[in-house]
Amino acid sequence: MTDLLALVVQQSINGIYLGCLYVMVALGLTLIYGVLNQINFAHADFVTVGAFAAFFTVTRLGTKVLGLPDTAAYLLSMVTALGVGAALGLAINAAVFAPLRERGDELRPLIATIGVSVLLENFQLWLFGPIPYQFDSPFSSETIRIGRIFFTAQSVLVVAVSSSAIAALYLFMKFTFVGKALRAVAQDRETAGLMGIDPNRLIALTIVIASALAGMGGALLGPVLVLTPFAGATVIVKAFAIVIIGGFGNMQGTIIAGLLVGIIEAFTVQYLGSGLIDLVVFVLLLVMLALRPTGLVAERKEENV
Amino acid sequence: MSARFAALLAAVLVVAMLPWLLQTPYWRGILVLCAMNVLLALSLNLVLGYTGQLNLGQSAFFAIGAYVSTILVKTYGWNFWAASLAAVGAAGLLGLALAAFAVRLRGHYLAIASLGFAVITYQVLVNWEKVTEGVRGIYGILPPVGSTIGLFYLVAGIALLVYVLIDNLVRSPVGDTLRAIREDEISAASLGINGALWKAFAFGLGAAIAGLAGCFYPGFVGTLVPDAFNIIESFTMMAMVIVGGMGTMIGPVIGAIVLTFLPEVLREFGEFRLMIYGLALTLVVLFMPGGIVQAWRTLVGKPITGNR
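Criteria and cut-off values
- Residues numbered from 1 in each chain as written.
- Chains lettered and ligands numbered in written order.
- Predicted model: local features only at pLDDT ≥ 70, side-chain atom pairs only at ≥ 80, totals over all residues.
- Helix = DSSP H or I, 4+ residues; strand = E, 2+ residues; numbered from the N terminus.
- Rg over C-alpha atoms; globule rule 2.2 N^0.38 Å.
- Buried ≥ 20, exposed ≤ 12 C-beta atoms within 10 Å, placed from the backbone.
- Contact = placed C-beta atoms within 7 Å.
- Nonpolar A, V, L, I, M, F, W, Y, C, P; charged D, E, K, R; others polar.
- Axes fitted to C-alpha atoms, helices over the stretch in contact; angles between N-to-C directions.
- Parallel < 35°, antiparallel > 145°, perpendicular 65-115°, else oblique.
- Left-handed = near helix turned anticlockwise from the far one by under 90°.
- pLDDT = per-residue confidence, 0-100.
- Pairing = 2+ DSSP bridges.

J.: Help me out: how do you make sense of the overall build of chain A in this one?
T.: Scanning chain A for helices and strands turns up eleven helices and two strands. Secondary structure elements of chain A, listed N to C terminal, follow the sequence α-α-α-α-β-β-α-α-α-α-α-α-α. For 305 residues, the compact-globule formula gives about 19 Å, and the C-alpha radius of gyration of chain A, at 19 Å, lands near that figure. Viewed in the frame of its principal axes, chain A has a C-alpha envelope of about 60 × 50 × 35 Å. Residues classed as buried in chain A amount to 49% of the 305 residues present.

J.: Any chance you could explain the overall build of chain B here in plain terms?
T.: Across its full length, chain B holds 14 helices and zero strands. Secondary structure elements of chain B occur, N-terminal to C-terminal, as α-α-α-α-α-α-α-α-α-α-α-α-α-α. A globule of 308 residues ought to have a C-alpha radius of gyration of about 19 Å, and chain B, at 19 Å, matches this closely. Over its C-alpha atoms, taken along the principal directions, chain B stretches across nearly 50 × 45 × 45 Å. Across the 308 residues that make up chain B, the buried fraction comes to 46%. When contacts within chain B are restricted to residue pairs at least 6 apart in sequence, long-range pairs at least 24 apart make up 76% of them.

J.: I'm lost on the interface of chain B and chain A in this one. Help?
T.: Buried accessible area, meaning the area lost when the parts come together, often serves as the stated size of an interface. If you look at the interface, chain B gives 33 residues, while chain A gives 37 residues. Counting only elements with at least two residues in the side of chain B that touches chain A, the list comes to α5 (107-127), α11 (231-244) and α13 (273-287) of chain B. Element by element, the count of residues in the side of chain B that touches chain A is highest for α5 of chain B, at 13 residues. Looking at side-chain class alone, the side of chain B that touches chain A contains 23 nonpolar, seven polar and three charged residues.

J.: Even after reading the chapter, I still don't get the packing of helix α2 (residues 43-65) of chain A against helix α9 (residues 231-246) of chain A, so can you show me in this structure?
T.: Helix packing for two helices is described by the angle between their axes and how far apart those axes are. Residues and elements named next belong to chain A. Taken N-terminus to C-terminus, the directions of α2 and α9 make an angle of 135 degrees; their axes are 8 Å apart at the nearest point. The angle between α2 and α9 places the two elements in the oblique class. Both α2 and α9 take part in a crossing whose hand is right-handed. Across from His43, Ala44, Asp45, Val47, Thr48 and Ala51 in α2, the residues of α9 making contact are Ala231, Gly232, Ala233, Val235 and Ile236. A per-class count over the contact of α2 with α9 returns seven nonpolar, three polar and one charged.

J.: What should I look at first to understand the packing of helix α3 (residues 58-74) of chain B against helix α10 (residues 195-221) of chain B in this one?
T.: All names here are of chain B. One can describe the packing of α3 onto α10 by two numbers: an axis separation of 6 Å at closest approach and a directional angle of 50 degrees. As far as their axial angle goes, α10 and α3 are oblique. The hand of the α3/α10 crossing is right-handed. On the side of α3, the interface is formed by Gln58, Phe61, Phe62, Ala63, Ile64, Gly65, Ala66, Ser69 and Thr70, while α10 contributes Ala207, Ala210, Gly211, Leu212, Ala213, Gly214, Cys215, Tyr217 and Pro218. Split into classes, the residues belonging to the contact of α3 with α10 amount to twelve nonpolar, six polar and no charged.

J.: I keep staring at the environment of Ile256 of chain A and nothing clicks. Help me out?
T.: All names here are of chain A. Position of Ile256 relative to the elements: it lies in helix α10 (residues 251-271). Classification of Ile256 by C-beta neighbours within 10 Å gives buried; the count is 20. Through-space distance from the C-alpha of Ile256 to that of Cys20 is 10.0 Å; in sequence the pair is 236 residues apart.

J.: I'm lost on the environment of Val96 of chain A in this one. Help?
T.: For Val96 of chain A, the location among the structural elements is in helix α3 (residues 70-101). By C-beta crowding, Val96 of chain A is classed as buried, having 25 other C-beta atoms within 10 Å. The sequence separation of Val96 of chain A and Ala112 of chain A amounts to 16 residues, and the corresponding C-alpha distance is 6.8 Å. In contact with Val96 of chain A, not counting residues within four places along its chain, are Pro109, Ala112, Thr113 and Val116 of chain A together with Thr282 of chain B.

J.: What's the story with the confidence of the model for chain B in this structure? I'm lost.
T.: Any region with low pLDDT has predicted coordinates that should not be read closely. Per-residue confidence for chain B averages 87 on the pLDDT scale, and 97% of its residues sit at or above 70. Here the predicted complex carries an ipTM of 0.80, next to a pTM of 0.85.

J.: What's the story with the confidence of the model for chain A in this structure? I'm lost.
T.: When the pLDDT values of chain A are averaged, the result is 85; 94% of them are 70 or greater. A low-confidence stretch, residues 300-305 of chain A stays under pLDDT 50, and its non-local contacts, those more than four residues away or across chains, total 15 contacts.

J.: I'm lost on the pairing of strand β1 (residues 143-146) of chain A in this one. Help?
T.: For a regular strand, side-chain orientation follows a simple rule: the groups alternate between the two sheet faces. Residues and elements named next belong to chain A. Where β1 meets strand β2 (residues 149-152), four bridges bridge the pair, whose relative direction is antiparallel. Bridged to Ile146 within β2 is Ile149. Hairpin geometry of β1 and β2 is characterised by an intervening segment of two residues between the two adjacent antiparallel strands and by a positive phi of about 60 degrees at Gly147.

J.: For this particular structure, what's the right way to read unusual backbone geometry?
T.: Generally, phi is negative for residues other than glycine and the peptide bonds are trans, each holding for most cases. Of note in this structure, Asn37 of chain A is not a glycine but carries a positive phi near 60 degrees. Structurally, Asn37 of chain A is set in the loop between α1 (3-36) and α2. A tally of 19 C-beta atoms within 10 Å means that Asn37 of chain A is categorised as partly exposed. Non-glycine residue Glu133 of chain B carries a positive phi angle of around 70 degrees. Mapping Glu133 of chain B onto the fold places it in the loop between α6 (129-132) and α7 (148-171). For Glu133 of chain B, a count of 18 C-beta atoms within 10 Å translates into the label partly exposed.

Next comes the structure, spelled out in structure tokens:
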């Protein structure tokens, strides 16, 4: 294998790994948008809270309280992060989205979630302090080597977990009755209501699923984040870019765009330097909006564009 | 003497008296900040409140005003006022660039595009070290007038002037045009309104005013770092407009004053301060959807006339 080819393959693998992490976060945003036409700015903080839940599971609950081995404790941390994320989703739906839904306004829920975001960040700052926390996944130290390509067991785990989560979500949406009802609500809330579907419960379910994904994303991101109460904010701007590049509310588009942004990021780090990542991603976003505002996979039409 | 003239006169009097009511240097500094925030809230309200464009990128124009004016003064030795004029122009032009996107995008798409605009501006400030000094920042920036009181009178005077200008603008047929675009762009177009042109006008003017506020910021704090223009700044401006009352003239002014002083008043709560701030923001949106202005009108039983 030539040097260049090895480098390209190596960076593509790194990019897919990063991309899977982003997809976990961006998918929740897109799900909520698809069903509710709302943006949840506190989504970033759900990622942070998930990461902190994972931290305490790995360092305290799993290892000290339950006496699990490191690997089992890390796997358990994904479950606790998922649960914590789901609980937050339930809470923000009850507090913000459900009461504001009637008014059919796109701006106020957005501002209300910005308020929730400020509240959550500063609550965590009070609870955990500003000094970064660090925990490592026991899978990060195991390196797998194929020829000249290296990757860690952690990256395999991340790709496996996120693709199973995506596959499970897809199967749920496509083949279960509740999934079908959800798609009906996304398409036309009123008509779905007339068919005997309770849109309120399904919207709550969507927000819970989306937030659970964000929490679990936090557990997966935890080992690579500088874990402070503001950690999620660094990921969320990219998640927004991904959601737009993929086409708001479009799951397929979000997955493709997430992987694309991950790969672009890996190559930007290689060739231009890590300081320029956000710049490159957002210039891509604006170019994309100028050329093809419906997103990579066009589905929703004139409505927003 | 008309009611509007009387109100203006009262505002001038209050502004003139304020530095004598709040005498410590600390509170006088907060006053300057408040006047700047009023300018920023007015600028965003023109785009968000009157033209109905979801703009999360206003911090970019504030940044451009601050950096262009400072660099022209510090590196090229320009006079402050000439540099400010150029900075306002630069911010306005950038506003037109964002308007090019606003012409094609609506709602949340525009929100994220404008957010991206602010992120790019921030990243350029961080990375273009040759010109902006990056995260190290620019130090030792002098304000255009020596005393804090002088600076307050200057910025507050400009804010008053801008208020009167925008107030007259939104009462004119131009204001009706902008509101028509806000309410229904397609109906507006069918009445012969050129939506693209007027959106560009609102974005350009809004950006120029934010840039103007930016000219005074570096001299006031003495240093200039990119972190002062984080996207959080855009959210803060938006919060001011919403909390006060979007699409009204006095609303954003009240919002800017409340949200500048609220964190200061809450300072004794220490680390709970920003938690209370976040909670307050959420509660205002939940329970006072029209902001303080609408809540007040409901309280005193005045019918809400139009959305002026």
